[in-house]
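What follows is each chain in one-letter form.
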Amino acid sequence: MNQLDQSENHSWEQLQRDPAAFERFFKSTAAGLCTYALRIVKDKQAAEDIVQDFFFRLWQKRSQISMQAPPRRYAYRAVHNACLNYLRDNHLISNDALPENMPAEEGAIERELQLQYRVQQLECVIAGLPQQCRIVFEKVCLEQKKYKVVAEELGISVFTVRNQVAKAYDILRNNILWELICLLVLDLLAG
């Protein structure tokens with residue numbers, strides 16, 4: 001079970017009694033929370049401060065927490081509200097435009113969680129590619145280099161670069177297809 005899956009299964013009781021579970025929760029959600037906060041406040045340092053403050057307060061008050069919402073969902077909601085407070089308090093948005101308890105866009109937190117989960121899955125699949133395949137794929141697709149440039153850098157033929165990229169796409173496609181099949185089966189079982 002990867003780190004993200006573990007964080008999804010965290011309960012408030014685990015976070016209250018197990019410092020290691022709290023640390024795993026922090027490590028698996030902090031980056032996503034910072035990205036989410038940055039989209040709202042448009043200031044990297046402020047976003048990091050908001051997330052750090054959230055986790056500090058959560059750690060201090062963990063024994064008093066009794067929530068129905070899963071910890072991850074609560075974290076996104078709390079950071080969302082802290083971002084809105086930051087904008088209001090720093091006069092970056094007027095009080096008229098920002099009601100006291102302005103709700104997040106319906107489903108925004110869930111979409112952000114899904115996006116973070118998908119990105120982590122994709123990173124895991126890319127990291128699991130065979131070494132040369134991964135290197136070629138990263139240079140071509142992530143660094144957006146031409147096949148010829150990659151071939152020259154690595155001392156291989158353009159044909160080999162093309163084959164390695166195709167192999168990487170096949171592996172990615174198969175992993176994504178497998179996940180979709182699993183999701184479909186889970187939906188059928190739940191319904």
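Residues numbered from 1 in each chain as written. Predicted model: local features only at pLDDT ≥ 70, side-chain atom pairs only at ≥ 80, totals over all residues. Heavy atoms only, no water.

Peer 1: I'm lost on the overall build of the chain in this one. Help?
Peer 2: Counting secondary structure elements, the chain contains nine helices and zero strands. Starting at the N terminus and walking to the C terminus, you meet the elements of the chain as α-α-α-α-α-α-α-α-α. Residues classed as buried in the chain amount to 32% of the 191 residues present. Long-range pairs, those at least 24 residues apart, make up 62% of the contacts in the chain with a sequence separation of at least 6. Per element, the accessible surface of the chain, about 12300 Å² overall, is 54% carbon and sulfur. (Helix = DSSP H or I, 4+ residues; strand = E, 2+ residues; numbered from the N terminus. Buried < 20%, exposed > 50% of the residue type's maximum accessible area, 1.4 Å probe, protein only. Contact = heavy atoms within 4.5 Å. Areas by Shrake-Rupley, 256 points an atom, 1.4 Å probe, with all protein chains shown as cover.)

Peer 1: How do you make sense of the pattern of salt bridges when you look at a structure like this?
Peer 2: Once their charged atoms are close, side chains differing in charge can pair, the charge on each being opposite to the other. Applying the stated criterion across every chain yields a total of eight salt bridges. We note a salt bridge from Glu48 to Lys44, for which the minimum N-O separation is 3.8 Å. Highlighted residues: Glu48 and Lys44, both in helix α4 (residues 44-60), separated by four residues, approximately one helical turn. On the basis of relative accessible area, Glu48 is assigned to the partly exposed category, the value being 31%. Given a relative accessible area of 55%, Lys44 falls into the exposed group. In this structure, a network of salt bridges that share partners links the residues Lys139, Glu143, Lys145 and Glu153. (Salt bridge = Lys/Arg side-chain N within 4 Å of Asp/Glu carboxyl O.)

Peer 1: Help me out: how do you make sense of the packing of helix α3 (residues 19-41) against α4 in this one?
Peer 2: In a pair of packed helices, the angle between the axes and the distance between the axes together describe the arrangement. Across the interface, α3 lies against α4 with an axial gap of 8 Å and an inter-helix angle of 150°. At the point where α3 passes α4, the crossing takes the right-handed sense. Judged by residue contacts, Pro19, Phe22, Phe25, Phe26, Thr29, Ala30, Leu33, Cys34, Ala37, Leu38 and Val41 of α3 engage Lys44, Ala46, Ala47, Glu48, Ile50, Val51, Phe54, Phe55, Leu58 and Trp59 from α4. (Axes fitted to C-alpha atoms, helices over the stretch in contact; angles between N-to-C directions. Left-handed = near helix turned anticlockwise from the far one by under 90°.)

Peer 1: Would you explain the environment of Lys148 in this entry?
Peer 2: Locating Lys148 in the fold gives a position in helix α8 (residues 147-154). What makes Lys148 exposed here is its relative accessible area of 56%. Distance from Lys148 to Phe159, taken between C-alpha atoms, is 9.3 Å for residues 11 residues apart in sequence.

Shape is all these values report; function is a separate question.
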